[in-house]
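Listed here are the chains, written in short residue letters.
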Amino acid sequence: MSCLRELEGKMAHDHHFINQGLGLRRRVWVPGPVIVGAGPSGLAAAACLKDKGVPSIVLERSNCIASLWQFRTYDRLRLHLPKKFCELPLMPFPEDFPMYPSKQQFVEYLEAYAKRFGIKPVFEQEVESAGYDESVGLWRVKSVGLKGEEMEYVCRWLVVATGENAEAVVPDIKGIENFRGEVRHTAEYRSGSDFRGKKVLVVGCGNSGMEVSLDLCNHDAHPSLVVRNAVHVLPREMLGRSTFGLSMWLLKWLPIRLVDRFLLIMSWMIFGSTGSFGLDRPQVGPLELKSKTGKTPVLDVGTLAKIKSGHIKVHPSIQSVGHHSVQFANGRIENFDAIILATGYKSNTPSWLKEKDMFSQKDGMPRKPFPHGWKGERGLYAVGFTRRGLFGSSADAKRVSEDIENFWKAEFKPNISP
Ligand SMILES: Cc1cc2nc3c(=O)[nH]c(=O)nc-3n(C[C@H](O)[C@H](O)[C@H](O)COP(=O)(O)OP(=O)(O)OC[C@H]3O[C@@H](n4cnc5c(N)ncnc54)[C@H](O)[C@@H]3O)c2cc1C
Ligand SMILES: NC(=O)C1=CN([C@@H]2O[C@H](COP(=O)(O)OP(=O)(O)OC[C@H]3O[C@@H](n4cnc5c(N)ncnc54)[C@H](OP(=O)(O)O)[C@@H]3O)[C@@H](O)[C@H]2O)C=CC1
Ligand SMILES: O=C(O)C(=O)Cc1c[nH]c2ccccc12
């Protein structure tokens, strides 16, 4: 251990210390934290660390930053929350960006962010396992490159930033394997132009399902939406302000239940009763539900009007799928040309993180409830697992970097005698 410490001192300014010949894997000693994931959370963590003088290394399975935004989202996507709630620490959005930046603008911002803080992730490095080695008191992070080349990064601090949306959730739907039309998850959906004139069933009514249905409508497809449970749909704006901004402001003075009541009254005045067209509301209010379960209310950008006008049909749960048809829980059977699964995403930490205390094996999320989930034992951290969007990522990145900075300073205090 002491020789490792000595090495640490010597290597404090070297990012990579390659020690070949200790087996087939190339082993690299990283003096600072290893961050897994180059999405907004990983970039925010690296930037905050850099700002405090702590070097880090970012490992990313894809070949670019923000791969979720670049490769796995639909073309018409914009931020749903105003830009001031989505900015990463230390760098606001450009002033000439609109209130709700498009995905291209968001990616542009992230590219500029990475450049500004000199963040150069190691791309095409899929982390396949990470575990704490008690014998040396360090993390061993094992990755595999595109050509199968294996690496091991050894470090004191491990920051998990692989996101809540690392893998698509593909539910088991009876008979779906027999369906002759196309079945596609929203992660593979780009635009309704692929479905012009087709009858498309969208399964799931979160923000993705609602917006994809609207996009299909706008491209002259004929969408139907499966709504199996109650859902809160709120207008994106009310009283000339963003619903989210207004809610945050009201929460400074009022209890969550009162703010929820206000949101529901306003929504009723704007939409009427959503239950009358198949979208029943949960018993618990939208913000309370978000805070208790992480279920995000749908922020409507025009889908509801299309449901009201009959351009988007609403169906209950799917009972079974045939070659060309779908039978619903109410017994109705309809033919479809394609099925889009807007069934959400999940964390992938159970598949690679060998530590069982901090992250649940079941859902891959931190076990400790918000706001305590960002820090584990032995130098393990999480950024972007609070179900609070980009706002949550920024808050985590700040906390994590402050915590690591304290250890870093204590460890590497320059040995200057008076
Ligand atoms: C369609 C959509 C729209 C959204 N819109 C908003 C919004 O408007 N506002 C908001 O606040 N939030 C929004 N969100 C929430 C979203 O979670 C955040 O926007 C944001 O992308 C989260 O950043 P992240 O870095 O935590 O995760 P991600 O963006 O998913 O980044 C994680 C990165 O880790 C990489 N990775 C995963 N596993 C490994 C591995 N084993 N090894 C190496 N790399 C790995 C991935 O390739 C990815 O690049 C949206 C989410 C979706 C799906
Ligand atoms: N512009 C923006 O800001 C956007 C933001 N997002 C965000 O991205 C994240 C992911 O959103 P999204 O992709 O919509 O995923 P969600 O997890 O939010 O929604 C998944 C939906 O699929 C339903 N579902 C799951 N399995 C089945 C099934 N077998 N049969 C029927 N329905 C099913 C769920 O129903 P149930 O509730 O019953 O489980 C739920 O309605 C969210 O945080 C969301 O807010 C997404 C799109 C746009
Ligand atoms: O889009 C998302 O996934 C978000 O998590 C953004 C978000 C965080 N808190 C909210 C409360 C109401 C609506 C959206 C969000």
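This is a predicted model, so every value here is computed, not measured.

J.: Explain the nonpolar core to me, please; I cannot follow it from the model alone.
T.: Generally speaking, nonpolar side chains in soluble globular proteins are found buried as a group. Core analysis: the biggest nonpolar cluster contains 76 residues, and Y109, Y113, M210 and L279 have the highest contact counts within it. At seven residues, helix α2 (residues 40–51) tops the list of elements feeding residues into this core. When residues are assigned to domains, this core turns out to be shared by domain 1 (4–166 + 347–412) and domain 2 (169–341), each giving three or more. Dropping the residues within four chain positions of it, Y113 is found in contact with L43, A44, A47, L88, P89 and M91. Within the second largest apolar cluster, 23 residues are counted, among which are V34, I57, Y153 and W352.

J.: Sorry if this is basic, but what is going on with helix α4 (residues 103–116) here?
T.: The terminal C-alpha atoms of α4 lie 20 Å apart, and with 14 residues this matches the ideal 20 Å at 1.5 Å per residue to within 8%. Elements in contact with the buried residues of α4: α2, α3 (67–71) and α11 (389–411). Just downstream of α4, G118 is the residue with a positive phi angle, here 60°.

J.: Would you explain the sheet that holds strand β10 (residues 182–185) in this entry?
T.: By definition, the strands of a sheet pair up through backbone hydrogen bonds, in either a parallel or an antiparallel sense. Within the open sheet, the five strands sit side by side as β10-β21-β11-β12-β17. Their pairing is parallel. Where the open sheet ends on each side, the last strands, each with one partner, are β10 and β17 (313–315). Taken pair by pair, the neighbouring strands of this sheet meet at an average axis angle of 25°, ignoring direction. Those strands touched by helix α5 (residues 207–218) are β11 (199–203), β12 (222–226) and β21 (338–341), and its axis lies near 165° from that of β12.

J.: Got a minute to help me understand the packing of aromatic side chains in this structure?
T.: The relation between two aromatic rings is expressed through the spacing of the ring centres and the mutual angle of the planes. This structure, assessed with the given rule, holds 16 aromatic pairs. Geometrically, the ring pair formed by F106 and Y109 is stacked, given 6.4 Å between the ring centres and 20° between the ring planes. On the criterion of helical spacing, the pair formed by F106 and Y109 is a turn pair, its members being three residues apart in helix α4. For the residue pair F106 and Y109, the accessibility class agrees, reading buried in each case. In textbook terms, an aromatic cluster arises when at least three aromatic residues are bridged by ring pairs, as seen for W69, F93, F97, F106, Y109, Y113 and F117. Just above the ring of F336 sits the side chain of K199; from NZ or CZ to the centre is 5.2 Å.

J.: Explain the site of ligand 2 to me, please; I cannot follow it from the model alone.
T.: Taken together, 19 residues lie around ligand 2, and R78, S208, R228, N229 and K295 are the ones closest in. Here an oxygen atom of ligand 2 sits 2.8 Å away from a polar atom, N or O, in the side chain of R228. Taking N229, its side chain carries an N or O atom lying 2.7 Å from an oxygen atom of ligand 2. Protein coverage of the free-state accessible area of ligand 2, which is 920 Å², stands at 75%.

How each quantity is defined
- Residues numbered from 1 in each chain as written.
- Chains lettered and ligands numbered in written order.
- Predicted model: local features only at pLDDT ≥ 70, side-chain atom pairs only at ≥ 80, totals over all residues.
- Heavy atoms only, no water.
- Core = buried A, V, L, I, M, F, W, Y, C linked by side-chain atoms within 4.5 Å.
- Buried < 20%, exposed > 50% of the residue type's maximum accessible area, 1.4 Å probe, protein only.
- Helix = DSSP H or I, 4+ residues; strand = E, 2+ residues; numbered from the N terminus.
- Domains from an automatic or database assignment.
- Contact = heavy atoms within 4.5 Å.
- Expected span 1.5 Å × (residues − 1).
- Pairing = 2+ DSSP bridges.
- Axes fitted to C-alpha atoms, helices over the stretch in contact; angles between N-to-C directions.
- Phe/Tyr/Trp six-rings, centres within 6.5 Å; stacked < 30°, edge-to-face > 60°.
- Lys NZ or Arg CZ within 6 Å of the ring centre and 35° of its normal.
- Near = heavy atom within 4 Å.
- Polar contact = N/O pair within 3.5 Å; in protein donor to acceptor, adjacent residues only side chain to side chain.
- Areas by Shrake-Rupley, 256 points an atom, 1.4 Å probe, with all protein chains shown as cover.

Everything listed here is a matter of geometry and, on its own, says nothing about what the molecule does.
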